[in-house]
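Below, each chain spelled out in residue letters.
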Amino acid sequence: MREQIDLECLPAATPVELEPGVTVERRGFLSLAAFGAVALARPLGAGSAARATGSAWERFLEEAVPAARELLEPGAYREDRYLHAVASLASAIDDVPVPDMRPSGQGENTFLGGSYGPDPFVVLHWRMEPGSRIRTHAHTYGNVVTLGLEGMARVRNYEMLGERDFDAEGTFRVRMTQDQVLLPGRINLVPLEHGYMHGFEAGPEGARGIDITTRRKERRETPYLDVAEKPVDEAERIYEASWTD
Ligand SMILES: [Fe+2]
């Protein structure tokens, strides 16, 4: 049985050590304070590409948190508008501190770490070794702004044709809605309303980035997708697919 890792956010009780002796859990305001203090207090040491840019991250939080909360107000919320607003602010982030990471369970040589707020965000840091893959999976309850920070990854997004059904038996058809080269500073969006499945393939230098997730629906186990290599309709980018363990 494959270990189930939640790609929309780490489990709520998962403690993450951002720096030696500084362990946080997701969504805690104090955790954010600890995170910011660490970012400001010392340069980063996890990898040659890590750059101390806590101020850019803090500016993002200062602007994005109140903006996001306002855009999430009942009656004001429109998903694409929300995601593009968060993405426009996230695009100014050039790097963030690199937390301790653990194997993702979604493909060999891929790693996940960090899971912290503040509300409404859950931020997940990911790293991929050269040539590694993160399996194509559906986001069912949290939409995502993915920001590339280092290296390159090919990201492909899909959505089911017709009514979405995460319990569908057998084969169904999906549309590839994006086929993107994610580079540092580039954004990939995962709305819940369209293009809500994605998978990653790291380039020859590997890749690193963050997912800024906003939970909108009831949590459920992550569905994984098998997609046929060749499309049934090239022009429309339609593929046969099925759910897999
Ligand atoms: Fe994802």
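Everything in this summary refers to the structure shown in the same document. (Residues numbered from 1 in each chain as written. Predicted model: local features only at pLDDT ≥ 70, side-chain atom pairs only at ≥ 80, totals over all residues. Heavy atoms only, no water.)

With that settled, the discussion passes to the environment of glutamate 240. Topologically, glutamate 240 is positioned in strand 12 (residues 238–244). Counting along the chain gives 11 residues from glutamate 240 to glutamate 229, while the straight-line C-alpha distance between them is 8.8 Å. Aside from chain neighbours lying at most four places away, what touches glutamate 240 is Thr171, Phe172, Arg173, Asp226, Val227, Ala228 and Val232. Of the polar contacts made by the side chain of glutamate 240, one reaches the side chain of arginine 173; its length is 3.3 Å. (Helix = DSSP H or I, 4+ residues; strand = E, 2+ residues; numbered from the N terminus. Contact = heavy atoms within 4.5 Å. Polar contact = N/O pair within 3.5 Å; in protein donor to acceptor, adjacent residues only side chain to side chain.)

Donor atoms from the polypeptide that coordinate the iron ion comprise His137 (NE2), His139 (NE2) and His198 (NE2), at 2.0 to 2.1 Å from the metal. Summarised as a motif, the one-chain spacing of the donors to the iron ion is H-x1-H-x58-H. Comparing histidine 137 with histidine 139, the two get one shared label, buried. (Donors = N, O, S within 2.8 Å, 3.2 Å for Na, K, Ca; no water. Buried < 20%, exposed > 50% of the residue type's maximum accessible area, 1.4 Å probe, protein only.)

Of all hydrophobic cores here, the largest spans 24 residues; its most connected members are Trp57, Phe60 and Phe121. Counting only elements with at least two residues in this core, the list comes to helix 2 (54–71), helix 3 (79–90), strand 5 (121–128), strand 7 (142–160) and strand 10 (197–215). Ranked by residues supplied to this core, first place goes to helix 2 with seven residues. Ignoring sequence-local partners within four residues, the contact set of phenylalanine 60 consists of Val65, Val86, Leu89, Ala90, Ile93, Phe121 and Ile212. Grouped together as the second largest cluster of nonpolar side chains are 14 residues, Val174, Leu225, Tyr239 and Ala241 included. (Core = buried A, V, L, I, M, F, W, Y, C linked by side-chain atoms within 4.5 Å.)

To continue, consider unusual backbone geometry. Looking along the chain, the bond that leaves aspartate 119 and enters proline 120 is cis, with omega of 15 degrees. Turning to its location among the elements, proline 120 is positioned in the loop between strand 4 (110–116) and strand 5. A positive phi angle, close to 65 degrees, is found at asparagine 109, a residue other than glycine. Positionally, asparagine 109 belongs in the loop between strand 3 (102–103) and strand 4. Despite not being glycine, arginine 237 has its phi angle at roughly 55 degrees, a positive value. For arginine 237, a relative accessible area of 36% translates into the label partly exposed.

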